[in-house]
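# Geometric and topological summary
This is what each chain is made of:
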Amino acid sequence: MFPNSSNLGRPPFLPKHQQQTNFFHELPLTIPPTLLSQQQIVDARFNFQNAALSRALLSGNLSTTPAVSAQPLTYGNGSPVPTSAAPTLFRGRKRLSEQNVPYDVKRQRFHSPHCESTVVNQTVPLPEERRYSFPGSIPSPLFHAHYIPDLSGCVPPLRDAPFPDPIETTLPVAKDKLSQQVLELFQACQQQTCDLNRKELCRTELQKEIQRIFPQSRLFLVGSSLNGFGTRSSDGDLCLVVKEEPVNQKTEARHILSLVQKLFCTKLSSYIERPQLIRAKVPIVKFRDKVSCVEFDLNVNNVVGIRNTFLLRTYAYIENRVRPLVLVIKKWASFHDINDASRGTLSSYSLVLMVLHYLQTLPEPILPSLQKNYPESFNPTMQLHLVHQAPRTVPPYLSKNGSTLGELLVGFFKYYATEFDWSRQMISVREAKAIPRPDGIEWRNKFICVEEPFDGTNTARAVHEKQKFDIIKDEFLKSWQRLRDKRDLNCILPVRPTTQKR
C-alpha cells in the first residue's frame, strides 16, 4: 500500500560506493577536527570528517582535540546564560516525574503558567538567511540548490513573510456565542511570529554546531511549529537528517544522538539545559533552550515528519475554520489529560488527524483528500528539498458546508462519541474516510487506529491500555453531551484561564 521507507527523502548524497560504509565503527583518526567554512562544508563528502571530535565526544575526553568553542548566546540583553547540570539518560518514553522537574520548566499544559522568563527580544527580526528552516533558506550540503520558493495562493509562504501574515488573519465570522469563544481562544493562544523566530534562531545555532561533527547534516524544524497548528506554549520538534538512506533507529540513530547529547552537555551547556537521550521506538534527545525557554525533541532521519509537516500546513490554510477548531480541541485534550502519548493517551499529531478526518467525512465535506487530489504535490518519494513547494500548487478549498465553528465543534465530539466504530474502523486522512482496520500486527489489538498519511503506521499506537482508551471515549461522550445542551465552551474548557495562560 505504501512505498518502502527507503524511498523517503532524496537529498543529493553521494552514491553508496563513494560513501564511508563503516563510519560508525571505524572512525578515521588522521583527520583533524578543524572548523569548516560554509564552502568547505558544502564541498565536503559524506564521511563525517570531524571524526576525532566525534570519538572524543563519545569518550568524554575533549582535552585531546582542538577547542571548538560555542559562544554563549546573548540574545536580547547581551548577558551570558548560566551553565546547566549534567545530562540524564532515559530508557523509556516517560518524561521526568513530577517530583523531579521544577514546575516552571515542565512541558507546558493548559493548566500550567506560561513561561515569561525569556530574555529574547520578542520583536527582533531574524536575518533573512536565518528566518525559516526549510530547504532553500540556508545553503546546505544536503540541499545545495538554493531554491527560493514562490508559495502563492492560500498557504502563507515561509520564505520571507512574517507570521502572522494577511491570510492568517482571515478568520470565519462568529455567528453565535460558542463560535465566538472558539475564535477568541484561537486568537489568544495561536503561535506568534516571535514564538517561531525564537525556535528558528535556536535551530540555526544548533545546526551550525552539529555540522562541526556531521558536516553534511541538516537540521529541520518540524511539527506544530511550522504546520499551522502551533500554540504559544508548543514545544519545538527538530529532525536531524544525516544521510539519504533510512537510519536504523535502534543503533545508528542512538549512536548519533549520543554524540549530539555529549555536544549539548559540554560545548553548548551555556544555553542547552538537561539534554536527555530517550530510547523510544524513534529515539530522541529532549532538551530545553534556556534562552527561549522552549523545550525541544530532536530525532534523527525521521523524515516522514518533514513530509507531514507540509501536508498538515496545507490542510491548515485551505479552509479558514480548520486552525481554530484544531487549536481548541488540542487545548481541550490537554485540559482533560488525554493529550500525552508518553502516558498512553493521544499525541497532538493524532488529534490533528482526527479533526481533519472528521471534516473530510461530513455529508458536505469541509476538507478533501489532498493526497488524492494532488498526488504529485504530496508524493512520498519526493526529494526533501522540494517538499516545501507543495502548498503553492493547492488552491483554497471552497466547501458548500456553511456550518459555524460552534456547530463543527459539537459535531466533532458527537462523531467520535456516537458514530465512529473504534473496534472496526481506522481513521484515514489519506483516503478521506474511515476504512476497515488492516490485519497487520501494527493494528492488531489496538484500541485506536489512526493512519499516518505517508508511511501507513498507527500514530495512536501509544493508546495500548483499555483503561486509558475508556477515559478517552468517556471524555468525548461527556463533552458532546455538555456542549449539545449548553452551547458554552466553558462547560468543557474554562475559556478565561486558557486565554490568560495561553
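Residues numbered from 1 in each chain as written. Predicted model: local features only at pLDDT ≥ 70, side-chain atom pairs only at ≥ 80, totals over all residues. Heavy atoms only, no water.

Counted at 1.5 Å a residue, the expected span for helix α8 (residues 322–335) with its 14 residues is 20 Å, and the 20 Å between its end C-alpha atoms agrees. Among the 14 residues of α8, 13 are classified as buried, and the element is accordingly described as predominantly covered. (Helix = DSSP H or I, 4+ residues; strand = E, 2+ residues; numbered from the N terminus. Expected span 1.5 Å × (residues − 1). Buried < 20%, exposed > 50% of the residue type's maximum accessible area, 1.4 Å probe, protein only.)

Bringing the side chain of E273 into the picture now. Within the secondary structure, E273 is located in strand β4 (residues 272–278). The class for E273 is buried, based on a relative accessible area of 18%. In terms of polar contacts, E273 uses its side chain to reach the side chain of R274, at 3.5 Å. (Polar contact = N/O pair within 3.5 Å; in protein donor to acceptor, adjacent residues only side chain to side chain.)

A few words on the nonpolar core. When a protein is soluble and globular, its nonpolar side chains tend to lie buried together. Among the nonpolar cores identified, the biggest contains 68 residues, and M354, L359, L409, F412, F413, Y416 and I448 are the most heavily contacted of them. Going through the elements one at a time, α3 (177–189), α7 (304–318), α8, α9 (348–360), α11 (405–419) and α12 (466–486) are the ones with two or more residues in this core. When residues are assigned to domains, this core turns out to be shared by domain 1 (177–305) and domain 2 (320–500), each giving three or more. Beyond its immediate sequence surroundings of up to four residues, L359 is in contact with V322, L325, P365, I366, L367 and L408. Core analysis: the second largest hydrophobic core is formed by 31 residues, C202, I210, L240 and V247 among them. (Core = buried A, V, L, I, M, F, W, Y, C linked by side-chain atoms within 4.5 Å. Domains from an automatic or database assignment. Contact = heavy atoms within 4.5 Å.)

A separate point is the packing of α9 against α11. Helix packing geometry: the angle between the two helix axes and the distance between the axes. Across the interface, α9 lies against α11 with an axial gap of 10 Å and an inter-helix angle of 100°. Classified by the angle their axes make, α9 and α11 are roughly perpendicular. Contact residues: M354, V355, H357, Y358 and L359 in α9; E407, L408, G411, F412, Y415 and Y416 in α11. Taken together, the residues of the contact of α9 with α11 sort by class into 8 nonpolar, 2 polar and 1 charged. (Axes fitted to C-alpha atoms, helices over the stretch in contact; angles between N-to-C directions. Parallel < 35°, antiparallel > 145°, perpendicular 65-115°, else oblique. Nonpolar A, V, L, I, M, F, W, Y, C, P; charged D, E, K, R; others polar.)

Buried residues dominate strand β6 (residues 294–300), accounting for 7 of its 7 residues. Here β6 shows a buried face lined by V294, F296, L298 and V300 and a second buried face lined by E295, D297 and N299. The pairing of strand β3 (residues 236–241) with β6 spans 5 bridges and is classified as parallel. Its bridge partner lying in β6, C239 is registered against N299. Relative to β6, strand β5 (residues 284–289) runs antiparallel, the two being bridged by 5 bridges. Residue pairing for β6: R288 is matched across the bridge by E295. Linking β5 back to β6 in an antiparallel pair, the connection comprises 4 residues, with C293 at a positive phi of about 60°. (Pairing = 2+ DSSP bridges.)

One non-glycine residue, R274, lies in positive phi territory at about 50°. Within the fold, R274 resides in strand β4.

Attention now goes to the pairing of strand β2 (residues 218–222). Taking burial as the measure, the 5 residues of β2 include 5 buried ones, the bulk of the element. In β2, alternate side chains face the same way, and those of R218, F220 and V222 on one face and L219 and L221 on the other are all buried. Looking at chain direction, β2 and β3 are connected through 5 bridges and run antiparallel. Note on β3: the bridge partner recorded for L221 is L238.

Let's shift gears to the packing of aromatic side chains. Aromatic ring pairs are defined here through the distance separating the ring centres and the angle between the ring planes. This model, assessed by the stated rule, comprises 19 aromatic pairs. With centroids separated by 6.0 Å and ring planes inclined at 50°, the aromatic side chains of Y415 and F420 adopt a geometry described as tilted. Just as Y415 is buried, F420 falls in that class too. Members of the aromatic cluster, joined through ring pairs, are W332, Y358, F412, F413, Y415, Y416, F420, W422, F447, F469 and F476. Cation over ring: R218 sits above F220, and NZ or CZ is 5.4 Å from the ring centre. (Phe/Tyr/Trp six-rings, centres within 6.5 Å; stacked < 30°, edge-to-face > 60°. Lys NZ or Arg CZ within 6 Å of the ring centre and 35° of its normal.)

With that out of the way, let us pick up the pattern of salt bridges. In total, this model carries 19 salt bridges according to the counting rule given. The closest approach of N and O atoms between E431 and K372, which form a salt bridge, is 3.0 Å. Taken together, the residues span a long stretch of sequence, with E431 in the loop between β7 (425–428) and β8 (433–436) and K372 in helix α10 (residues 370–373) at a distance of 59 residues. Here E431 ties to R430 by a salt bridge, and the two come within 2.9 Å at their closest N and O atoms. It is possible to trace a salt-bridge network through shared partners that takes in K372, R430, E431 and E451. (Salt bridge = Lys/Arg side-chain N within 4 Å of Asp/Glu carboxyl O.)

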